[in-house]
Amino acid sequence: MIPFVRAVPSGAFAAGQGVPAPVKGRMAEVKLHPDWLARIGGEFEQPYMGELKAFLAAERAKGKTIYPRPSNWFAALDATPPQDVRVVILGQDPYHGPDQAHGLCFSVQPGVRTPPSLVNIYKEMRDDLGIAPARHGYLKSWASQGVLLLNNVLTVEAGMAASHQKRGWEKFTDAAVAAVAADPAPKVFILWGSHAQKKAADVPGLGKDSPHLILRAPHPSPLSAHNGFFGSKPFSQANAFLAANGRGTIDWQLPETPDA
């Protein structure tokens, strides 16, 4: 049987190598950065992961469209190896519209209209740092600088928001967040909305004695952004904390043209 995931040389990630096409009747292989495998690879031996794999295979066998494509299920981890993480932003589940999701929370593929929540993130970034909103919603440059853009659930059925919740992904991403929190190098955890805050609440290493900065605010959705998201200044707070702890700063200004 084709394994659910395999490690490939780190140089292959940027080039998009090491990701074979789906094989009829089986799950496609999904790449995962070897440094993540060293920390959370044991999760792939857990019963829940076998159940998740079977569920995803069955859904695809029924002809259902699943977002993002399999090669992007672990894109957030591939883009930001654990030792490079400086900021963690937690999302819920992938966008469920065509061509939107590509594995990074809040981000959409080049050429896709910027979603409302990301529009509000840009508004807050403008008010916080004076950065003009980008004309696109592709956040890969943040990930490349150590911003882990991780959804709670890593797949979704087309047109069906939250359709893959409670299938096992939450346990896997819990392990990823816990691995990051366990590393004592100071980091910033940006928790927007109750889902992200609840997820982080049970993570060892994010308690009151944590070496990390925990920033909590309402979700940037148009339904809640005016309840405290606007004015929360997460970007300047994150950079101030990182700089004070010798970890540099994030250039939150996105490229004018997205580099796909």
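Everything here concerns the structure above.
Trainee: Which residues make up the overall build of the protein chain, and what are the values?
Mentor: Regarding its fold elements, the protein chain presents nine helices and eight strands. In the protein chain, once contacts between residues fewer than 6 apart in sequence are set aside, the share between residues at least 24 apart is 72%.

Trainee: Tell me about the packing of aromatic side chains, residues and numbers included.
Mentor: Applying the stated criterion across every chain, the model contains 13 aromatic pairs. A centroid spacing of 6.2 Å and a plane angle of 55° characterise the contact between W142 and F235, whose relative ring orientation is tilted. Of the two residues, W142 sits in helix α6 (residues 140-144) while F235 sits in helix α9 (residues 234-244), which places them 93 residues apart along the sequence. Accessibility expressed as a relative area gives 1% for W142, which makes it buried. Residue classification places F235 among the buried positions, given a relative accessible area of 0%. Grouped by ring-pair contacts, the aromatic residues F106, W142, W192, F229, F230, F235 and W252 constitute a single cluster.

Trainee: Can you break down the layout of surface pockets residue by residue, with the values?
Mentor: Roughly 480 Å³ of volume is contained in the second largest pocket. Lining the second largest pocket are 25 residues; nearest its centre among them are Q92, D93, P94, Y95 and H96. In terms of residue class, the lining of the second largest pocket is made up of 11 nonpolar, 13 polar and one charged.

Trainee: Got a sec to walk through the packing of helix α5 (residues 116-129) against α9? Specific residues and values, please.
Mentor: Axis separation between α5 and α9 bottoms out at 7 Å; the angle between their running directions is 60°. If you check the angle between α5 and α9, you find them oblique. Listed contacts from α9 to I121, E124, M125, D128 and L129 of α5 are P234, F235 and S236. Partitioning the contact of α5 with α9 into residue classes produces five nonpolar, one polar and two charged.

Trainee: Residues and numbers for the nonpolar core, please.
Mentor: Membership of the largest hydrophobic core comes to 72 residues, with the highest contact counts inside it found for L77, W142, F172 and W252. Excluding residues that lie within four positions of it along the chain, F172 makes contacts with I40, E43, F44, Y48, M49, F74, L77 and L154.

Trainee: Please provide a residue-by-residue account of the sheet that holds strand β4 (residues 87-91), values included.
Mentor: Taken together, the four strands give an open sheet; going across it, the order is β5-β4-β7-β8, and neighbouring strands pair in parallel fashion. With partners counted over all chains shown, the strands left at the sheet margins are β5 (147-151) and β8 (213-217), one partner each. When strand polarity is set aside, the average angle formed by the axes of neighbouring strands in this sheet is 15°. As defined by bridge partners, β4 adjoins β5 across five bridges and the pair is classed as parallel. For G91, the partnering residue across the bridge sits in β5 and is N151. Against the sheet, helix α8 (residues 194-201) contacts β4, β7 (188-192) and β8, and its axis sits at roughly 135° relative to β7.

Trainee: Give me the side chain of R86: which residues, what numbers.
Mentor: With respect to the element layout, R86 can be found in the loop between α4 (75-79) and β4. For R86, which is buried and forms no salt bridge, the nearest opposite charge comes from D84, at a distance of 8.1 Å. A polar contact is formed between the side chain of R86 and the backbone oxygen of Q145, at a distance of 2.9 Å. Within the structure, the side chain of R86 is placed 3.4 Å from the backbone oxygen of T249, a separation counted as a polar contact. Aside from chain neighbours lying at most four places away, what touches R86 is Q145, G146, K187, V188, L242, R247, G248, T249 and I250.

Trainee: Which residues make up the pattern of salt bridges, and what values go with them?
Mentor: As enumerated under the stated definition, the model contains six salt bridges in all. Two residues, K64 and E157, come together in a salt bridge whose shortest N-O distance is 3.8 Å. Linking K64 in the loop between α3 (47-61) and β3 (66-67) with E157 in strand β6 (residues 156-157), this pair joins segments that are 93 residues apart in sequence. Looking at K64, the relative accessible area reads 31%, which means it is partly exposed. Classification of E157 by relative accessible area gives buried; the value is 18%. D174 is the salt-bridge partner of K199, the closest N and O atoms lying 2.5 Å from each other. Here the residue K199 occupies a position in helix α8, and D174 occupies one in helix α7 (residues 169-182), the gap between them amounting to 25 residues.

Conventions used here
Residues numbered from 1 in each chain as written. Predicted model: local features only at pLDDT ≥ 70, side-chain atom pairs only at ≥ 80, totals over all residues. Heavy atoms only, no water. Helix = DSSP H or I, 4+ residues; strand = E, 2+ residues; numbered from the N terminus. Contact = heavy atoms within 4.5 Å. Phe/Tyr/Trp six-rings, centres within 6.5 Å; stacked < 30°, edge-to-face > 60°. Buried < 20%, exposed > 50% of the residue type's maximum accessible area, 1.4 Å probe, protein only. 1 Å grid on protein atoms, 1.4 Å probe; cavity = no way out; pocket = protein on both sides within 12 Å on 5 of 7 lines; lining within 4 Å. Points joined across faces, edges and corners; volume = space filled by probe spheres on them. Nonpolar A, V, L, I, M, F, W, Y, C, P; charged D, E, K, R; others polar. Axes fitted to C-alpha atoms, helices over the stretch in contact; angles between N-to-C directions. Parallel < 35°, antiparallel > 145°, perpendicular 65-115°, else oblique. Core = buried A, V, L, I, M, F, W, Y, C linked by side-chain atoms within 4.5 Å. Pairing = 2+ DSSP bridges. Lys, Arg positive; Asp, Glu negative; His and termini not counted. Salt bridge = Lys/Arg side-chain N within 4 Å of Asp/Glu carboxyl O. Polar contact = N/O pair within 3.5 Å; in protein donor to acceptor, adjacent residues only side chain to side chain.

Geometric values such as these leave the question of function open.
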